[in-house]
Amino acid sequence: MTYLNEDTLVQQTTTDYLQDKLGWDSVYAYNKETFGPDGLLGRNSDREVVLPRYLRAALKKLNPELPETAYDEAVRQVVDYAHSQTMLSSNFDKYRLFKDGVLVSFQGDHGEIKKERLKIFDFQEDGVDNNHFLAVRELWVQGDLYRRRIDIAGFVNGIPLLFVECKNIHKDLKNAYGKNFADYKDTIPHFFHHNAIVMLAFGSEAKIGTLTSGYEHFHEWKRLSEADPGVVDMETLLKGVCDKTNFMDIFENFITYDDSSGKKIKVLAKNHQYIGVNQVIKALKDPKRVKGKLGVFWHTQGAGKSYSMVFFTNKVHRKIGGNYTFLICTDRDDLDTQIYRTFAGCGVADNDKTPCRPSSGRHLAELMSQQKAYVFTTIQKFNQEVDPNEGYTRRDDIIIITDEAHRTQYGILALNMRNALPNANFIGFTGTPLFKSDQITMQVFGDYVSTYDFQRAVEDKATVPLYYDSRGDTLGVATHDINERIAEKLEEIENSDIDVSQRLQKELKRDYHIITAKKRLNQIAWDFVDHYTTSWEIGKAMFVCIDKVSG
């Protein structure tokens with residue numbers, strides 16, 4: 001019986017799929033690589049991680065008829081790195097170089113010094129085949145002290161953007177992450193200076209992440225479209241990520257670096273974010289869509305809505321062009337601050353250098369009359385009466401991203417916003433599903449443009465499962481009809497304000513005393529303490545009360 005090792009089970013199957021189904025070239029380098037310009041990969045030694053032969057060919061193809069010195073300088077900038085830099089810092093610098101191009105200087109025909117920015121990749125969707133895709137199996141790389149063999153390295157135009165660690169089917173992915181991947185980063189860190197995507201694979205399953213991702217942040221790629229039920233297998237991931245068009249799209253538009261937490265991390269979009277954002281992009285480009293409506297983007301709590309906003313806005317600015325202004329609007333100061341910090345942490349906005357956070361309604365009107373890329377505000381700052389025939393601006397290249405959309409489209413403030421920006425496009429982001437009766441939200445934003453519900457988020461481990469255990473009857477403190485009566489009152493109250501809590505409090509004064517009765521609160525408190533001291537060994541709990549006094 002032939003022993004099935006990780007090569008025959010995973011490596012060869014993966015590279016065969018890349019070659020036969022997805023159009024990548026593929027070579028086996030383990031004991032076949034020769035060095036020099038005419039060698040298997042064109043490397044001069046196993047210390048090199050960029051393939052200069054393919055890089056130089058791409059530079060000439062994408063930037064023709066330049067002197068050789070220009071290509072020499074471009075190759076040098078791509079290959080070289082500062083030894084004093086951290087792996088992540090170097091990776092960040094290379095990523096900006098890849099997206100922006102390499103600025104080189106060379107002597108013109110008449111002795112003048114010319115400067116030109118050279119493209120390293122063709123990012124146009126119809127130009128994807130202008131790039132060269134190569135999968136190399138068993139690539140030896142020499143570090144300062146140790147030599148390591150990479151299972152699969154994926155090169156695009158000679159640059160190692162994809163790292164694949166394969167494990168035998170009887171080993172788990174956590175083993176691949178904890179031992180092998182960590183060892184590679186420690187012993188051959190220079191290989192990851194150019195890396196875009198890290199893939200861990202065993203058998204038929206795989207996960208992807210970045211060089212800073214903890215294992216818990218590596219994620220599966222289960223769907224090619226939102227309509228798919230979702231399956232965990234290597235083929236779906238390869239189709240979704242390594243298809244040439246998808247790979248270049250993910251590489252260009254779905255990677256960001258975030259230091260909002262105080263420590264910089266590299267973030268790769270999850271499956272649902274990639275699909276959802278591209279559906280919004282498609283809606284924006286659709287000439288037949290209803291004017292001003294981009295739809296409702298419902299991705300459940302914990303699914304990374306703020307990063308989805310970053311990916312969406314970045315892709316619009318980069319791929320659609322123009323002078324789009326994004327107004328990110330919330331209804332709470334803490335949400336406004338949270339979203340701004342994410343954008344600032346990703347290097348997208350900086351209120352200190354370019355003011356984008358209005359301090360008042362008048363300041364908001366001033367900012368919106370300018371060609372700002374981003375403005376962050378709360379709906380409450382639309383407190384100025386506006387002549388709908390004038391507005392703050394009549395531009396039609398303003399996109400209003402409304403967070404928790406179902407809460408902020410009612411009343412005079414929302415009317416002021418629409419009068420101020422009459423030609424704007426609206427997209428509603430929300431973490432909660434809309435009720436079927438919520439026709440106003442649909443009228444404002446349109447139908448769902450992307451959905452990622454709670455059940456899918458739990459299945460994908462994007463959020464934790466929720467369990468409900470009714471304790472009211474057990475304790476004899478059940479109040480069965482209060483929720484129903486609150487719902488009835490909500491229907492009666494006109495939606496004239498974004499916050500109806502005061503109206504509810506006035507209407508339900510008697511119920512408040514029932515809910516906050518001392519005997520009832522004592523029984524709930526004792527039950528809570530008993531439950532979490534005797535039934536739980538680890539985890540967190542949240543205690544939600546009607547007000548601070550009850551808590």
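Residues numbered from 1 in each chain as written. Predicted model: local features only at pLDDT ≥ 70, side-chain atom pairs only at ≥ 80, totals over all residues. Heavy atoms only, no water.

## Let's talk about the packing of helix H2 (residues 52-62) against helix H3 (residues 68-79)
Argument step 1. Relative orientation of the contacting elements H2 and H3 amounts to 130°, with a least axis distance of 10 Å. The angle between the axes of H2 and H3 places the two elements in the oblique class. Judged by the twist between their axes, the crossing of H2 over H3 is right-handed. Residue-level inspection shows Leu55, Arg56, Leu59 and Lys60 of H2 in contact with H3, the latter providing Glu68, Tyr71, Asp72, Ala74, Val75 and Val78.
Argument step 2. Residues that form the contact of H2 with H3 fall into these classes: six nonpolar, no polar and four charged. (Axes fitted to C-alpha atoms, helices over the stretch in contact; angles between N-to-C directions. Helix = DSSP H or I, 4+ residues; strand = E, 2+ residues; numbered from the N terminus. Parallel < 35°, antiparallel > 145°, perpendicular 65-115°, else oblique. Left-handed = near helix turned anticlockwise from the far one by under 90°. Contact = heavy atoms within 4.5 Å. Nonpolar A, V, L, I, M, F, W, Y, C, P; charged D, E, K, R; others polar.)

## Points about the side chain of Asn157
Argument step 1. Take Asn157: it is sitting in the loop between strand E5 (147-156) and strand E6 (159-167).
Argument step 2. A polar atom in the side chain of Asn157 sits 2.8 Å from the backbone nitrogen of His132.
Argument step 3. Filtering out sequence-adjacent residues up to four positions away, Asn157 remains in contact with Tyr54, Leu55, Ala58, Leu62, Ile120, Phe121, Asn130, Asn131 and His132. (Polar contact = N/O pair within 3.5 Å; in protein donor to acceptor, adjacent residues only side chain to side chain.)

## Examining the pairing of strand E10 (residues 265-268)
Argument step 1. For strand E9 (residues 255-258) and E10, the ladder comprises four bridges, and the chain directions are antiparallel. When the sheet's bridge partners are listed, Tyr257 is paired in E10 with Lys266.
Argument step 2. Hairpin connection, E9 to E10: the antiparallel pair is bridged by six residues, and Gly262 has positive phi, about 100°. (Pairing = 2+ DSSP bridges.)

## Describing the nonpolar core
Argument step 1. Membership of the largest hydrophobic core comes to 114 residues, with the highest contact counts inside it found for Ile120, Phe121, Phe191, Met199 and Phe251.
Argument step 2. Sorting elements by how many residues they give to this core places helix H8 (residues 271-285) first, with seven residues.
Argument step 3. Ignoring sequence-local partners within four residues, the contact set of Phe121 consists of Leu62, Phe98, Asn131, Val156, Asn157, Ile159, Leu161, Met248 and Phe251.
Argument step 4. Counting residues in hydrophobic clusters, the runner-up holds 22 residues, among them Leu327, Leu364, Ile400 and Leu421. (Core = buried A, V, L, I, M, F, W, Y, C linked by side-chain atoms within 4.5 Å. Buried < 20%, exposed > 50% of the residue type's maximum accessible area, 1.4 Å probe, protein only.)

## What to know about the confidence of the model for the protein
Predicted coordinates in regions of low pLDDT should not be interpreted in detail.
Argument step 1. Of the residues in the protein, 83% reach a pLDDT of 70 or more, and the chain-wide mean stands at 86.
Argument step 2. Predicted confidence for residues 494-498 stays below pLDDT 50, and this span has twelve contacts to residues more than four positions away or in other chains. (pLDDT = per-residue confidence, 0-100.)

## Notes on the environment of Val27
Argument step 1. Mapped onto the fold, Val27 is located in strand E1 (residues 25-28).
Argument step 2. Between the C-alpha atom of Val27 and that of Ala135, which follows or precedes it by 108 residues, the distance is 6.5 Å.
Argument step 3. Setting aside chain neighbours within four positions, we find Val27 in contact with Leu41, Leu134, Ala135, Val136 and Arg137.

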